[in-house]
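The chain contents come next:
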Amino acid sequence: MAQKPLVALVGRPNTGKSTLFNRLVGERLAVIDDIPGTTRDRIQGNCEWTGVPFIVVDTGGIEVWQPKGGRDTRPLAEGSVDFIAQIEGQALLAARDADVVLMVVDSEQGITAADEHIAQVLRENCAARAVLVVANKADNDARRDDAMEFYGLGFAQMYPVSAYHNLGIGDLLDAVVAAMGPGATPGEDDDDDDVLKIAIAGRPNVGKSSLLNRLLGEERAIVSPLAGTTRDAIDTHILWHGTPLTLIDTAGMRRRGKIERGVEKYSVLRAIRAIQRADVALLVIDALEGVTEQDQHIAGAILEARCSVVVIVNKWDALAKDAHTMPAWLDAMRDKFNFLPDAPVLFISALTGQRIHQVLEAANRVYEARSLRLPTSALNRLLREALHAHPPPRKGTRQLRIFYASQVDVDPPVFLFHVNDTRLVHFSYRRFLENRIRATWSFEGTPLVLSFRPRGGQL
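Parameters at a glance
- Residues numbered from 1 in each chain as written.
- Predicted model: local features only at pLDDT ≥ 70, side-chain atom pairs only at ≥ 80, totals over all residues.
- Heavy atoms only, no water.
- Core = buried A, V, L, I, M, F, W, Y, C linked by side-chain atoms within 4.5 Å.
- Buried < 20%, exposed > 50% of the residue type's maximum accessible area, 1.4 Å probe, protein only.
- Helix = DSSP H or I, 4+ residues; strand = E, 2+ residues; numbered from the N terminus.
- Contact = heavy atoms within 4.5 Å.
- Pairing = 2+ DSSP bridges.
- Axes fitted to C-alpha atoms, helices over the stretch in contact; angles between N-to-C directions.
- Phe/Tyr/Trp six-rings, centres within 6.5 Å; stacked < 30°, edge-to-face > 60°.
- Lys NZ or Arg CZ within 6 Å of the ring centre and 35° of its normal.

## Remarks on the nonpolar core
- Counting 29 residues, the largest nonpolar core has Leu283, Ile302, Val311, Val313, Trp329, Met333 and Phe337 as its most contacted members.
- Among the elements of the structure, strand S7 (196-202), helix H7 (263-277), strand S10 (280-286), helix H8 (293-304), strand S11 (308-314), helix H9 (325-336) and strand S12 (345-347) are those that each provide at least two residues to this core.
- When near neighbours in sequence (up to four residues on either side) are disregarded, Val313 contacts Ile285, Ala287, Trp329, Met333, Val345, Leu346, Phe347 and Ile348.
- By size, the runner-up hydrophobic cluster in this structure holds 27 residues, among which are Leu215, Leu245, Val310 and Leu346.

Now the structure itself:
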């Protein structure tokens, strides 16, 4: 697929980068909070202006310790002080990858020492990139006039905007497209509906970001032993054996009673949304802690989203084991996750790379099962055999009769059964039919949807 231009938003904390990001992509993808340091990793979304599609990347605020008495004395978001160097590193990676860099500043506060530091860093590291200064929060004439001082940062183009009030955004986008050069020509946006989307889900601190980095072979996401480091769902597009894939790293999902109000609450909601738009979820389990109740809750959320699943038991290298450990784990997993659709289980170490090559292979195999379509004749032959082996139970004087079946959809597979009365369909017989289908055709890790409709006539 064609490579879209990249636009990176950088700047110090709380200048409104995430608000601007959400405005450009047209939806609330980035977590927004008044506390500096809320955004830590890079997140990205699609934007289009005058027919030109491009990708916008939001980054964490580059924090610079200011002397006592400086203008911005508000504290960073709790815990973000531990990641200052990594946040800056991620922001610089995004800037170096970008075709256009938007340095976002605060028109209300004017130039700060942190702004001057970031401007110098961009001049040293992004000399070949177009850098546009965006004076955000310029929601009145006085602030737009005051924004002229930002030309003092040494860049030729400066645009006063208010991302919150949608003021000046059109002029900014015109400048962004112009800065992309002649390669940015109008055309249709790439359609990624057919691209395999893989969400990495699980509790905090089970190694989701470490798994992402190992799969990518680079430090793409911030990794820390502190729980709750990742807050946004991060999309990363890669080629795997020539096949485009999208990996989605999600925030750790804690038990409902443990979720704090505000930023973490919305991060968990975004993790659930990421699972809902994914084709396959990698459910990461901590081998040292075993399967917890919360792991089962997350598995339930994956199943409810009708997403295919691969169970990943991480940190396998750190577990004391013998010849019986893996079989015992497999038995326990089948018992704990008996409601999951025959999910494959992989025992890996994101730290050492043990069996890491099997992860995307399993995800792709499960994805292919989502597109499997059964011939109607073969499905009805299986149905006749199932009815003969185990006739439907009676309910009073009436018995369920199934006349014929067909597969009406894929991704996930949907099967329609025509019956005499849908009220006679017991969940146990529904499960029996599903198991017979799975015993004949491989729908590994993929949910099957069985629908029943009343209809006359006999098979």
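## A look at the sheet that holds strand S15 (residues 402-409)
- Spatial strand order, S15-S16-S17: three strands in an open sheet with mixed pairing. Looking at the sheet topology across the chains shown, the edges are occupied by S15 and strand S17 (449-454). The sheet shows a mean angle of 25° between the axes of neighbouring strands, direction not considered.
- Looking at chain direction, S15 and strand S16 (residues 414-419) are connected through six bridges and run antiparallel. Bridge pairing in S16 links Ile402 to Val419.
- Of the strands in this sheet, S15 and S16 are in contact with helix H11 (residues 376-389), which crosses S15 at around 140°.
- Contacting S15, S16 and S17, helix H12 (residues 427-440) runs over the sheet at an angle of about 125° to S17.

## Topic: the packing of aromatic side chains
- By the definition in use, this model includes seven aromatic pairs.
- Here the aromatic rings of Trp329 and Phe347 are separated by 6.3 Å at their centres, their planes lie at 90°, and the arrangement is edge-to-face. Taken together, the positions of Trp329 in helix H9 and Phe347 in strand S12 put the pair 18 residues apart, joining distant regions of the chain.
- Its relative accessible area of 14% is what places Trp329 among the buried residues.
- Accessibility expressed as a relative area gives 3% for Phe347, which makes it buried.
- An aromatic cluster is defined as three or more aromatic residues linked by ring pairs; in this entry it consists of Trp316, Trp329 and Phe347.
- In this structure, Arg123 is placed above the aromatic ring of Phe155, and the distance from its NZ or CZ to the ring centre is 5.7 Å.

In short, geometric facts, not functional conclusions.
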